[in-house]
Amino acid sequence: MIKYFIKKETYIDDQKKIDVSKYDKIGEFKDGVAPVCSNKEFKYIDESGNEIISFNCDWVYDFNNGFGKVMFKDNLGKAHYSLVNKKGDIITHILYDEIGDFSDGLFKIKVNDKYGYIDSNGFAVIKPSFDKATNFVNDRAVVYNYNGNKRKLITMLIDKKGSILAKYENATIDEFKNNNYSVITLQDGLKTGIIDRNGNEVIKPQKKYAIKSFENSLFVISKSKGTGYKFSVLDNNGKIHELPSYEDCDALNSDVLRIKDNGSYFLADIDGNILSSGYEEIIRVSNNAYRVRKNGLYGIILGNGDVACEPIYNYITNYKFGVAPVKKDSRWGLIDESGNEITDIIYNIITEFDRNGLATFKLDGKRGFLNSNGEVVSFYDKNFINDDDILSKTIIDSRYILFERVASPKYAIYDSKKRILTDFSFNSVRKNGNMIIFDEKYMVNINDLDFKYKFILEKDSKEIIKNFDSIKERDKYYSLASKEIQKADKEYKKRVDSLSKKLGEIIYKDLDKKIANEYTLRK
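Residues numbered from 1 in each chain as written. Predicted model: local features only at pLDDT ≥ 70, side-chain atom pairs only at ≥ 80, totals over all residues. Heavy atoms only, no water.

**Q** Outline the overall build of the chain, supporting the account with residue identities and numerical values.
**A** Summing up its helical and strand segments, the chain has two helices and 47 strands in all. Sorting the 523 residues of the chain into buried and exposed places 45% on the buried side. For the chain, long-range pairs separated by at least 24 residues make up 33% of all intrachain contacts whose partners lie at least 6 apart in sequence. In the form shown here, the chain has an accessible surface area of approximately 27300 Å², with 44% of it arising from carbon and sulfur atoms. (Helix = DSSP H or I, 4+ residues; strand = E, 2+ residues; numbered from the N terminus. Buried < 20%, exposed > 50% of the residue type's maximum accessible area, 1.4 Å probe, protein only. Contact = heavy atoms within 4.5 Å. Areas by Shrake-Rupley, 256 points an atom, 1.4 Å probe, with all protein chains shown as cover.)

**Q** I'd like a rundown of the sheet that holds strand 43 (residues 429-432), residues and numbers included.
**A** Read across the open sheet, the four strands follow the order 2-45-44-43; overall the sheet is antiparallel. Looking at which strands have only one partner, the edges of the open sheet turn out to be strand 2 (18-19) and strand 43. Here strand 44 (residues 435-438) runs beside strand 45 (residues 442-445); their pairing, made up of four bridges, is antiparallel. When the sheet's bridge partners are listed, Ile-437 is paired in strand 45 with Met-443. (Pairing = 2+ DSSP bridges.)

**Q** Hey, could you go over the sheet that holds strand 11 (residues 106-111) for me, with residue numbers and the actual values?
**A** With antiparallel pairing, four strands are arranged side by side in an open sheet as 10-11-12-13. Taken across any chain shown, the strands that pair with only one partner, and hence form the sheet edges, are strand 10 (98-103) and strand 13 (124-130). On average, each strand axis in the sheet is tilted by 15 degrees relative to the strand beside it, whichever way the strands run. Where strand 11 lies against strand 12 (residues 114-118), five bridges are found, and the strand directions are antiparallel. Looking at strand 12, one finds that Lys-108 is bridged to Tyr-117. (Axes fitted to C-alpha atoms, helices over the stretch in contact; angles between N-to-C directions.)

**Q** I'd like a description of the pairing of strand 13, backed by residues and values.
**A** With three bridges joining them, strand 12 and strand 13 adopt antiparallel strand pairing. Within the sheet, the bridge partner assigned to Tyr-117 lies in strand 13 and is Ile-126. Connecting strand 12 to the antiparallel partner strand 13 that follows it, the hairpin turn spans five residues, and Gly-122 within it adopts a positive phi of roughly 85 degrees.

**Q** Pulling in residues and values, what's your account of the pairing of strand 27 (residues 256-261)?
**A** Alignment of strand 26 (residues 248-253) against strand 27, held across five bridges, turns out to be antiparallel. Within strand 27, the position partnered with Ala-251 by the bridge is Leu-257. The antiparallel pairing of strand 26 with strand 27 creates a hairpin that spans two residues between the two strands. One ladder, built from five bridges, connects strand 27 with strand 28 (residues 264-268); its direction is antiparallel. Looking at strand 28, one finds that Leu-257 is bridged to Ala-268.

**Q** An account of the packing of aromatic side chains is requested, with residue identities and associated values reported.
**A** Applying the stated criterion across every chain yields a total of 15 aromatic pairs. Seen in terms of ring centroids, Tyr-61 and Tyr-81 are 6.1 Å apart; in terms of plane orientation they differ by 55 degrees. Their pairing is tilted. Of this pair, Tyr-61 sits in the loop between strand 7 (59-60) and strand 8 (68-73) while Tyr-81 is found in strand 9 (residues 79-84), placing the two residues 20 residues apart along the sequence. Ring geometry for Phe-67 versus Phe-102: centroids 5.5 Å apart, planes at 50 degrees, classification tilted. One end of the pair, Phe-67, is in the loop between strand 7 and strand 8; the other, Phe-102, is in strand 10, and 35 residues separate them in sequence. Its relative accessible area of 13% is what places Phe-67 among the buried residues. Aromatic rings pair up to connect Phe-426, Phe-438, Tyr-442 and Phe-451 into one cluster. Lying over the aromatic face of Tyr-144, Lys-132 brings its terminal NZ or CZ to 5.1 Å of the ring centre. (Phe/Tyr/Trp six-rings, centres within 6.5 Å; stacked < 30°, edge-to-face > 60°. Lys NZ or Arg CZ within 6 Å of the ring centre and 35° of its normal.)

**Q** Please give an account of the environment of Gly-66 that cites residues and values.
**A** Mapped onto the elements, Gly-66 comes out in the loop between strand 7 and strand 8. Overall, the relative accessible area of 23% leaves Gly-66 in the partly exposed class. For Gly-66 and Lys-30, which are 36 residues apart along the polypeptide, the C-alpha to C-alpha distance reads 8.5 Å. Excluding residues within four positions of it along the chain, Gly-66 makes contact with Asp-31, Val-84, Asn-85 and Lys-86.

**Q** How would you explain the pattern of salt bridges if you had to name every residue and give the values?
**A** In the structure shown here, the tally under the stated rule is 22 salt bridges. Between Asp-475 and Lys-8 there is a salt bridge whose closest N-O contact spans 3.4 Å. With Asp-475 in helix 1 (residues 471-498) and Lys-8 in strand 1 (residues 4-12), this pair connects stretches of sequence that are 467 residues apart. Take Asp-475: its relative accessible area is 25%, and that puts it in the partly exposed class. In this structure, Arg-293 and Glu-281 form a salt bridge, with 3.0 Å as the shortest nitrogen-oxygen distance. Of this pair, Arg-293 sits in strand 30 (residues 289-294) while Glu-281 sits in strand 29 (residues 281-284), and the two are twelve residues apart along the sequence. Overall, the relative accessible area of 23% leaves Arg-293 in the partly exposed class. Salt bridges linked by common partners bring Lys-8, Arg-474 and Asp-475 together as one network. (Salt bridge = Lys/Arg side-chain N within 4 Å of Asp/Glu carboxyl O.)

**Q** Break down the environment of Ile-154 for me, citing the residues and quoting the values.
**A** If you trace the backbone, Ile-154 turns up in strand 16 (residues 152-158). For the pair Ile-154 and Asp-131, spaced 23 residues apart in sequence, the C-alpha separation works out to 9.8 Å. Residues contacting Ile-154, with those up to four places away along its chain left out, are Val-143, Tyr-144, Asn-145, Asn-147, Lys-167, Tyr-168 and Glu-169.

**Q** Account for the side chain of Ser-232, naming residues and giving values.
**A** Considering the arrangement of structural elements, one finds Ser-232 in strand 24 (residues 228-234). On the accessibility criterion, Ser-232 (8% relative accessible area) is buried. Apart from residues lying up to four places away in sequence, Ser-232 is in contact with Phe-219, Val-220, Ile-221, Ile-240, His-241, Glu-242 and Leu-243.

**Q** So what's going on with the side chain of Asp-97? Which residues, and what values?
**A** Turning to its location among the elements, Asp-97 is positioned in the loop between strand 9 and strand 10. In contact with Asp-97, other than residues within four places in its own chain, are Lys-78, Ala-79, His-80, Tyr-81, Lys-110, Val-111, Asn-112 and Asp-113.

**Q** Describe in detail unusual backbone geometry, supporting the description with residues and values.
**A** Positive phi is not limited to glycine here, since Asn-138 has a value of about 55 degrees. For Asn-138, the location among the structural elements is in the loop between strand 14 (132-133) and strand 15 (141-147). A positive phi angle, near 70 degrees, is found at Asp-139, a position not held by glycine. Mapped onto the elements of the fold, Asp-139 is located in the loop between strand 14 and strand 15. For Asp-139, a relative accessible area of 32% gives the class partly exposed.

In short, the description is geometric, and any link to function would need to be established separately.
Right, dumping it as structure tokens:
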């Protein structure tokens, strides 16, 4: 009896593959460079697989803002660090006990138990002289020194020249970020105040003040008054706005407050002038959109108090990419920031949008993805993938989705055009920068990802192979061949029972001709 075995494979053009099988570990691609390790030898490779930097060291770290960190151990096993650029040049003149991330043009470093700062050329900008230090943010950093057997902690605000702009005992100073002012807290949080970028006290730290909320350069300050509080606002220009008497007040944006009066919440400007109607709840959900609740239903208002959509929904999620999923009765849809419905309210569920601009939906047994225009960009077929069989779904980018199967975990890739690109044939698939790494053996640039498909028929230990550009065409071919072989196998058994084995052999010879002629398989 002649026996046929058929199988199908997915493959990538060898010219697109970059072999990485020799590496024991591959770090993250950042700035187009990744650290790798092979037999305890550490190197950096680029996205073409070229080994661009090699070191005799004990560890290498991911690049960050154009620099990589290299670790060496001394004879006692203590770690020391240096920095390297993409040319492979060591840019630090000494080894440091610690090197922080590149922040605001400087690295925080530690040597001999003291912290300081170096620039991107490895030169010391601020000599190590502090017991504790933060990264520079917006040209300011907070540093600390202990005094009196660590009983007192001296807190200092410094600029990039190392000049001390403010100095306190046992205090914390918040980051300035993009703001002209920062909160200072003294004595375990008992006194609070505000200083400017030059260290000047705008509001002297004292017990009766509390910095209640802060948002986009706007501070809300509460001051005890009898049994309640008196609120004021400090804007980014240093002006203090005294507010009318309200029950509560919070900053929601750089020029928008949420105030509470007589049990209801309102939007107000920084002078306390009410802009909106009263609601049971107001929450900021995008830059200029605020979710409101009234009589248990949700709507959207804008920063000027205008109503974008009346409270008619059972729920509204946060906005991403300018749209938000909304629930009305038992169905979901999408609205934009103007409150317009950009889809029909027909879906069983819509999730929040991910970083690639796609949201997962379910519609009467079908699942797929919506883009931020409300357009269906893909369905995935439950006949192929049953949700109960899927351990995880990872969106690689707007073009590719990675599925992991529960049973005998394997990975498959699906695209956004309703096409299954691979079988569940990979032991591991992961996105690393612009690269996709398969089974830790080879990687392909995501822009070069182009799958091809094979149908393989094995006969007498010889393989007959046909290549396809479409998985759909290959699987159709596979299905037809399977049916023909099953039909021939049944016919063979039937003939053997009633006539002779020789007649069964003829059936398979006819099948061989049919496959060779009809599908033009090549040996």
